[in-house]
Amino acid sequence: MKDVDTAMAIISTAGVGYPRIGENREWKKLLEEFWGGKRDEESFQKEIRELRIRRLLRQKKSGVAWVPSGDFTLYDSVLDHVAAFDLIPDRFRHLGANDSLAVYFAMARGIEGAPACEMTKWFDTNYHYLVPELAGQPKPKLVFNPWLDAFTEAKREAGLLTRPVLIGPYTLVRLAKGVSSENFAELVRSFIPAYNTVLEELAKAGAGWVQIDEPSLVTDVPEEHLALLTEIYGALKSSNPKLLIHLQTYFGAVEHPEAVFSLPVDGIGLDFVRGKIDNLDAIKKFGWTKGKKLGAGVVNGRSIWRVDPDQALGLLEELASLIPAEQLIIQPSSSLLHSPVSVNVEVSGDAVVRGALAFADQKLEEVVALSEALEARLNGGAATALPARLEENRIALAALRSHPARHRAAAQGSSEESIAERSPFAERHALQLSRFKLPLLPTTTIGSLPQTADIRKARLEWRRGKLSDDAYRQLLQERTELWIRRQEEYGIDVLVHGEFERTDMVEHFAHLLDGYHFTTNGWVQSYGSRCVKPPVIYGDVMDRGAMTLEDTLYAQSLTDRPVKGMLTGPITMLAWSFYRDDISPKEIADQIARALDAEVLRLEAAGIGMIQVDEPALREIAPLKHREWPEYLEWSVNAFRRSVAGVRDETQIHTHMCYCDYHEIIGAVEAMDADVISLETSRSHGSLIHALEHQPYANGIGLGVYDIHSPVVPETETMLAVIRDSLAVVPADRLWVNPDCGLKTRGEPETIEALKRMAEAAVLARAEL
Ligand code: GLN
Ligand code: ZN
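Residues numbered from 1 in each chain as written. Chains lettered and ligands numbered in written order. Predicted model: local features only at pLDDT ≥ 70, side-chain atom pairs only at ≥ 80, totals over all residues.

- Per an unreviewed UniProt entry, the chain goes by 5-methyltetrahydropteroyltriglutamate--homocysteine S-methyltransferase and derives from Cohnella abietis.
- Per UniProt, the chain carries the Pathway (unreviewed entry) text "Amino-acid biosynthesis; L-methionine biosynthesis via de novo pathway; L-methionine from L-homocysteine (MetE route): step 1/1."
- Per UniProt, the chain carries the Function (unreviewed entry) text "Catalyzes the transfer of a methyl group from 5-methyltetrahydrofolate to homocysteine resulting in methionine formation." (UniProt positions renumbered as here; feature names shortened; annotations may be inferred.)

1. Regarding the overall build of the chain
And then number 1: Looking only at helices and strands, one finds 28 helices and 21 strands in the chain.
And then number 2: In terms of C-alpha radius of gyration, the chain reaches 27 Å, essentially the compact-globule figure of 27 Å for 769 residues.
And then number 3: The principal-axis extents of the C-alpha atoms in the chain amount to approximately 80 × 60 × 50 Å.
And then number 4: Counting only residues that meet the buried cut, the chain has 49% of its 769 residues in that class.
And then number 5: Contacts in the chain between residues at least 24 apart in sequence constitute 78% of all its contacts with a sequence separation of at least 6. (Helix = DSSP H or I, 4+ residues; strand = E, 2+ residues; numbered from the N terminus. Rg over C-alpha atoms; globule rule 2.2 N^0.38 Å. Buried ≥ 20, exposed ≤ 12 C-beta atoms within 10 Å, placed from the backbone. Contact = placed C-beta atoms within 7 Å.)

2. Some words on the nonpolar core
Grouped burial of nonpolar side chains is what soluble globular proteins tend to show.
And then number 1: Core analysis: the largest hydrophobic core is formed by 211 residues, its most contacted members being M107, A296, L316, L370, I723 and M758.
And then number 2: Looking at this core, the element that brings in the most residues is helix α23 (residues 585-605), giving 8 residues.
And then number 3: If sequence neighbours within four positions are ignored, L316 has contacts with A296, V298, I330, L370 and L374. (Core = buried A, V, L, I, M, F, W, Y, C linked by C-beta atoms within 7 Å.)

3. Some words on the pairing of strand β20 (residues 700-703)
And then number 1: Neither face of β20 is open: one carries G700 and G702, the other I701 and L703, and all of them are buried.
And then number 2: Pairing geometry for strand β19 (residues 676-679) and β20, over 4 bridges, is parallel. Among the inter-strand pairings, V676 is bridged to a residue of β20, identified as G700.
And then number 3: Where β20 and strand β21 (residues 735-736) come together, 2 bridges link them in parallel fashion. Paired with G702 across the two strands is W736, which belongs to β21.
And then number 4: Remark: the β20/helix α27 (residues 716-727)/β21 crossover connection has right-handed handedness. (Pairing = 2+ DSSP bridges. Right-handed = clockwise from strand over helix to strand, strands pointing away.)

4. Regarding the sheet that holds strand β5 (residues 163-167)
And then number 1: Read across the sheet, 8 strands follow the order β1-β10-β9-β8-β7-β6-β5-β2 without closing on themselves; strand pairing throughout is parallel. The sheet terminates laterally at β1 (12-13) and β2 (68-69), the two strands that pair on one side only.
And then number 2: Summarising the sheet, β5 and strand β6 (residues 209-213) pair through 3 bridges and their orientation is parallel. Of the residues in β6, the one forming a bridge with I167 is D213.

5. Description of the environment of L553
And then number 1: In this fold, L553 is placed in helix α21 (residues 549-557).
And then number 2: With 54 residues separating them in the primary sequence, L553 and G607 have C-alpha atoms 8.6 Å apart.

6. Some thoughts on helix α5 (residues 101-109)
And then number 1: Taken together, the buried positions of α5 are V103, Y104, F105, A106, M107 and A108.
And then number 2: On its buried face, α5 sits against α3 (77-84), α4 (90-93) and β4 (128-130).
And then number 3: Of the residues flanking the end of α5, it is G110, one or two places downstream, whose phi is positive at about 80°.

7. Thoughts on unusual backbone geometry
And then number 1: A positive phi is found at F251, a non-glycine position, where the angle reads about 80°.
And then number 2: Of note, F251 is situated in the loop between β7 (244-248) and α11 (257-261).
And then number 3: Take F251: there are 23 C-beta atoms within 10 Å of it, and that puts it in the buried class.
And then number 4: Backbone geometry places H256, a non-glycine residue, at a positive phi of 50°.
And then number 5: Note that H256 resides in the loop between β7 and α11.

8. Details of the sheet that holds β19
And then number 1: Taking strand neighbours across the sheet as the criterion, the 6 strands line up as β15-β17-β18-β19-β20-β21 in an open arrangement whose pairing is parallel. Bordering the open sheet on either side are β15 (564-568) and β21, each of which pairs with just one other strand.
And then number 2: Two strands pair when backbone bridges link them, and β15 and strand β17 (residues 610-614) are joined in this way by 5 bridges, in the parallel orientation. Within the sheet, the bridge partner assigned to M566 lies in β17 and is Q612.

9. Examining the site of ligand 1
And then number 1: Close to ligand 1 lie 13 residues, the nearest being I446, G447, S448, P616 and G742.
And then number 2: Across the shell around ligand 1, the residue classes break down as 6 nonpolar, 4 polar and 3 charged. (Near = placed C-beta within 6 Å. Nonpolar A, V, L, I, M, F, W, Y, C, P; charged D, E, K, R; others polar.)

10. A look at the confidence of the model for the chain
And then number 1: For the chain, the mean per-residue pLDDT works out to 95, and 97% of the residues sit at or above 70.
And then number 2: Low pLDDT (under 50) marks residues 1-7, which in the prediction has 10 contacts with non-local residues, meaning those over four places away or in another chain.
And then number 3: For this predicted complex, the interface confidence comes out at an ipTM of 0.99, alongside a pTM of 0.95. (pLDDT = per-residue confidence, 0-100.)

11. So, the environment of F425
And then number 1: Structurally, F425 is set in helix α17 (residues 425-436).
And then number 2: Between the C-alpha atom of F425 and that of H81, which follows or precedes it by 344 residues, the distance is 50 Å.
And then number 3: Residue contacts for F425: discarding those within four places in its chain leaves D673, A698 and N699.

12. Regarding the UniProt feature "binding site: Zn(2+) 2" (unreviewed entry) in the chain
And then number 1: Here, UniProt's "binding site: Zn(2+) 2" (unreviewed entry) annotation points to C658.
And then number 2: Note that C658 resides in the loop between β18 (652-657) and α25 (662-672).
And then number 3: Sequence-distant contacts of C658, that is, excluding residues within four places in its chain, are made with P616, E680 and C741.

13. Description of the packing of helix α6 (residues 146-158) against helix α9 (residues 192-204)
For any two helices packed against each other, the geometry comes down to the angle between their axes and how far apart the axes lie.
And then number 1: It is at 9 Å that the axes of α6 and α9 come closest, and there the two elements cross at 20°. The pairing of α6 with α9 is recorded here as roughly parallel in orientation. Every pair of crossing elements has a handedness; the one defined by α6 and α9 is right-handed. Seen from α6, the contacting residues are W147, L148 and F151; seen from α9, they are V198, E201 and L202.
And then number 2: Counted by class, the contact of α6 with α9 contains 5 nonpolar, no polar and 1 charged residues. (Axes fitted to C-alpha atoms, helices over the stretch in contact; angles between N-to-C directions. Parallel < 35°, antiparallel > 145°, perpendicular 65-115°, else oblique. Left-handed = near helix turned anticlockwise from the far one by under 90°.)

Spelled out as structure tokens, the structure:
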């Protein structure tokens, strides 16, 4: 164990957080076995404990000086704070003690009569946390101390003096519900005693440092919060003078750097990947406090690529010219939670791409190698050779850079090419009304229909070569035919083929386009035990020929009603993948958009009159600082428009988004200029209606009439009421009737009943017009 102050090396290293899922998703399996009653609590806890210790030992093996502890969790770290600080919502309290698994998993997953805590995206990542509910809660107090337990376990079982990690009080309250601008400061202050108790107990147990994460400091931070931040960190520090506090930020450059840099803490971690330029400029401008550590996050915690040693060392040398080397701690830019565990088992796909990958374990090794290289450079000058680990990176990344897939002439240079304008909506609308002759309040769905177990099983067998192409195709077509008949029978006006061939709306298209790599085991946690294996965009994304044409035309051949073509939009394809960092996200989105456009034009040429391009991720990767929104929205909207460029006015373009904070993105939605947008709205219908009242939308719009996340079949009357309300803000010739989102995860019987009632509600609403 190296100690930061006494070790031979003067430049220290640290981890910021590490995946919890295990190299082979052991964590997921254990949780699901326990939830499913296949494992009792004792054996569950025993296996989890072993996993937790193995996880520490892996980090130790990398050689980083400071391994974090307390970042392991049985579901979500935010939820751990809720349990430990006695903030359990009343509906769960009767289930047991604060530290019981019954209460914990009930909050996470819900039980009969007590719905789970709300889940939402962790900043702009694909990880979801559970939202603390602060309204009506007693003052936070520490009822058990998971950080102390983790710290002592790491010391005892792994011989590690760890840096325990907590989410800071400022961020915790920023992410909570039941907070207003009036009670914000009071709520943050109310946490100080509870944090103080954690810190005191840690100090007593021998902790030297504690890491307190405040990622909210890289979002919009109102000026008036600065005094509060100084106050709370002052209070924590003065109550725990001996414990060193490392304030960790990530996902961007800190707002108000001058104030944040001078907070009364002993070290501050900055993200030099996402916030590189601004964080560096701020250090140059405002200087760095003597003695304060700087956690230099130079290894990207959110990517899957090896670190570029020349870039990273260049940056570190610059930092070392501004700040004494003994104040530097080299780290990943964020927790490695967002990266898979290890490339050890990567065997699939292109060897050059595979060779350029670095997951969590490799990233920690890179941190250590960078510290050695920096130290050597500072001692011996720039001529010093790179350590082997980094020399390997140099070679692997050079190979990736010159990969032919990154230099496809056809994909280059057209980014600035203008996007053909369509005629104004009013003209298109008139043409489309006479082309499709739909009733007022036309009914449709969002695209996917129930994907029953037999379909998923058949796909697996087909992938494994146990089911022939023909047999698989036949099954899909039978299911499409069944559902075309059903949709007709229930009275749906615009039909879908059902997306039975898709595992996932992004992965499906990734397999059909050029430029993607698929990892063997590149899983990351999305929420709870759910993990995703995002595709990797490593090269120029290009069209490789028809993707949806056959399925769509087959469905259309069965009916006289219009069938919508169904594609995933460029921003969503980008957001739910790992991607290359040699070109900008905008350029990648434009490449995807051009490839999608080829498909859109093929569908149109084949006679498909309505095409939907889904963009559920448009809002979620919006920058964390609002002032950066206009630039983002401009390129993201342009990518969408490029994906449907050149379609005729008679072709009806639909899009879909899974949220309703419409007021936030109204400008973007208008600029996308789809003929019809469907929004997920049932959970806050009132507020959407309100927003539309103030900012009317000029094109077609479908306001989801029922929540597809619940198995409960909605009443016809309830949906009718939603349509009536919507008619107050959207005229009948532009209002569509549809569910909130795709129906893939729903069962057949409930979907059949819900769609019948939805169509009935539309008929009743039409009669009232
Ligand atoms: N067309 C997709 C579906 O119905 C849209 C899903 C989504 O927006 N998340 O499944
Ligand atoms: Zn949706």
